[in-house]
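Below are the chains, spelled out letter by letter.
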Amino acid sequence: MRILSSFFRGWITFWMFLAMPTIFCPSVLAQEKEHTFKITGDRYIDFAFMRISVAYDSLSADHLYICRYYRTGHLKDKTYYLVTGNKFCLTNMDNHIAKKDLILDGIQQIYSDNEALETESVYKNGVLQQMIDYYNNGNKHMMYSGDDKSLNGPFKMWHPNGQLGFSGNYENNLKDGIFESFDASGNLERKGTYSKGKLIDGVAVVQDFVYDAPEVPAEYKGNDSILNKILIKKSANLVDVATMDSTVEDFLDLKFTIHKSGQIKKVEITNASTPLEEEIIKTVFSHQFMDFQPATIEGVPVSSYFSKSFFLSHKGLQAATDLMIQKNNDSKDENPYTIVEDMPEFPEGEMGMRKFLAQTIRYPREATANHIQGKVFVSFVIQKNGTVGDIAIVRGVHPLLDAEAMRVVKQMPRWTPGHQAGKAVKVSYTIPINFVLE
């Protein structure tokens, strides 16, 4: 009896499933009639690395939303648009935007590849009204009101645990009203009242950012002479430095992240460098020793970036003088050769190059999943000291493969530089990097 009962339930469910198109198709047609426009053509497009789909907004007669999906099927983003024309075709989306009959209007949500919400933006008639970004744990990180040019409305920041860390209000990019900051436990740290950008009561309150251009930049408390004594002491005896070729002299542009306490939190080389140089810089700056005066905003210490050029040779690392920097800049202006008497050579020659590429290339997972392959041509310049710089894609295949090719070339060790008339010169070089799926 139970078996028969289960059978009839399954049979009824099966027929209900078959009837579903008949039940839902009229509502889809009704939805199209209720809108001021009609979606024509395909409702989705498949690309090698994502899928894009379009659908009517059931809550608004003149809106639609467009979704993009990772190839894993996870949602990449969802964006609402106002349609001012009478038709919309997904394959002509760029033309619709150019003609302004497709306008950002409503919410745009962007997700990471693990389905976590990253940002949520609100637009009105093409203009940004508010943006919220999120921590990896799903908690809100920051919310600001206004467009790309000025802040207008509430501004809030949260600690990773969800506790409010900063609150204030802006009018035409000026602080206006009560501003407060809190620690991660919710205790009030600072409170001030502003009127048209001026502090009228309490103490200054600023956002806990890493600032590119603070009002007062961070600076090293000592002079370059003191700094160089410390640097030479920490670097001259390193094996990688002491064994450097005496003819090798490198300029390294460093970008420091200086915490509001004055401590160095991060150091990175921003110009062309080798893995060996990166390891030297990491070792030299692995322990705090530079005494910085932190940057300030409204007199409040803040974290910021600090850039400075350094000179590396077999004698050690030291801060570059103005004369050194000028000499280096003059050298940069020299046009590279394409053919010289003694061409540059990769360590261990052609076989060394092949071995390096085989060991260094990491085939992008998404490119593998979507069977993306091809030959990327990369150009670069072998500098007088053998380092690789001025890297560029001459002919690419796909952004994923192009980016990996750039990364691999940047990791190249120092070459034997090219020579012309007995002098080391810069030489332009181009190589193909072949990405093949077996």
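Refer to the structure printed above.
This section reports on the structure supplied with the text. (Residues numbered from 1 in each chain as written. Predicted model: local features only at pLDDT ≥ 70, side-chain atom pairs only at ≥ 80, totals over all residues. Heavy atoms only, no water.)

**Points about the overall build of the protein chain**
No. 1: Scanning the protein chain for helices and strands turns up 9 helices and 29 strands.
No. 2: Looking at the 438 residues of the protein chain, the share that counts as buried comes to 37%.
No. 3: Entry remark: accessible area of the protein chain is about 25,800 Å², with carbon and sulfur atoms responsible for 53%. (Helix = DSSP H or I, 4+ residues; strand = E, 2+ residues; numbered from the N terminus. Buried < 20%, exposed > 50% of the residue type's maximum accessible area, 1.4 Å probe, protein only. Areas by Shrake-Rupley, 256 points an atom, 1.4 Å probe, with all protein chains shown as cover.)

**Quick look at helix α3 (residues 224-235)**
No. 1: With 12 residues, α3 extends 16 Å from end C-alpha to end C-alpha; this agrees with the ideal 16 Å at 1.5 Å per step.
No. 2: Residues of α3 that are buried: L227, N228, L231 and S235. Buried residues of α3 fall within an arc of 95° about the axis and therefore sit on the same side. Opposite the buried face of α3, by more than 90 degrees, sit the exposed residues K229 and K233.
No. 3: Looking at the packing, one finds that the buried side of α3 touches β18 (219-220), α4 (239-242), α5 (275-284), β23 (300-313) and β24 (316-319).
No. 4: Two or three places before S225, at the start of α3, stands the capping residue N223, its side-chain oxygen 3.1 Å from that residue's backbone nitrogen. (Expected span 1.5 Å × (residues − 1). Arc of directions from axis to C-beta. Contact = heavy atoms within 4.5 Å. Polar contact = N/O pair within 3.5 Å; in protein donor to acceptor, adjacent residues only side chain to side chain.)

**Examining the packing of aromatic side chains**
No. 1: Counted under the stated rule, the structure contains 24 aromatic pairs.
No. 2: Relative to F179, the ring of Y170 lies with its centre 5.6 Å away and its plane at 90°, an arrangement referred to as edge-to-face. A single burial state applies to Y170 and to F179, both of which are buried.
No. 3: Members of the aromatic cluster, each reached through a chain of ring pairs, are Y144, F155, F166, Y170, F179, Y194, F209 and Y211.
No. 4: Here K175 stacks its cationic end above the ring of F179, 5.2 Å away from the centre of that ring. (Phe/Tyr/Trp six-rings, centres within 6.5 Å; stacked < 30°, edge-to-face > 60°. Lys NZ or Arg CZ within 6 Å of the ring centre and 35° of its normal.)

**Some words on the sheet that holds strand β26 (residues 388-395)**
No. 1: Strand order in the open sheet formed by 3 strands is β26-β25-β29, and the pairing between neighbours is antiparallel. Only two strands of the sheet have a single partner each, and these edge strands are β26 and β29 (427-435). Averaged over all pairs of adjacent strands, the angle between strand axes in this sheet comes to 25°, irrespective of strand direction.
No. 2: Where strand β25 (residues 374-382) meets β29, 9 bridges bridge the pair, whose relative direction is antiparallel. Directly across from S379, in β29, lies its bridge partner T430. (Pairing = 2+ DSSP bridges. Axes fitted to C-alpha atoms, helices over the stretch in contact; angles between N-to-C directions.)

**Some details on the side chain of S60**
No. 1: As for its placement among the helices and strands, S60 is situated in the loop between β3 (50-56) and β4 (63-70).
No. 2: Classification of S60 as buried rests on a relative accessible area of 18%.
No. 3: Only 2.8 Å separates the side chain of S60 from the side chain of H63, close enough to count as a polar contact.

**Digging into the nonpolar core**
For soluble globular proteins, nonpolar side chains are generally found buried alongside one another.
No. 1: The biggest cluster of nonpolar side chains holds 41 residues, and the ones touching the most others in it are F155, L254, F256, F285, F310 and L317.
No. 2: At 5 residues, β23 tops the list of elements feeding residues into this core.
No. 3: Grouped together as the second largest cluster of nonpolar side chains are 20 residues, F380, V409, W415 and I431 included. (Core = buried A, V, L, I, M, F, W, Y, C linked by side-chain atoms within 4.5 Å.)

**Focus: the pairing of β24**
Successive side chains on a regular strand alternate, one facing one side of the sheet and the next facing the other.
No. 1: In this structure, β23 lies alongside β24, joined through 4 bridges in antiparallel fashion. Looking across to β24, one finds that F311 is bridged to Q318.
No. 2: Linking β23 back to β24 in an antiparallel pair, the connection comprises 2 residues.

**Details of the packing of helix α7 (residues 349-360) against helix α9 (residues 399-410)**
No. 1: Between α7 and α9, the least distance of the axes is 10 Å, while the angle of their chain directions is 125°. Relative to α9, the element α7 is oriented oblique. Helix-helix and strand crossings are classified by hand; for α7 and α9 the assignment is right-handed. In this structure, α7 uses F356, L357 and T360 to contact α9, whose residues at the interface are E404, R407 and V408.
No. 2: Of the residues contributing to the contact of α7 with α9, the split by class is 3 nonpolar, 1 polar and 2 charged. (Parallel < 35°, antiparallel > 145°, perpendicular 65-115°, else oblique. Left-handed = near helix turned anticlockwise from the far one by under 90°. Nonpolar A, V, L, I, M, F, W, Y, C, P; charged D, E, K, R; others polar.)

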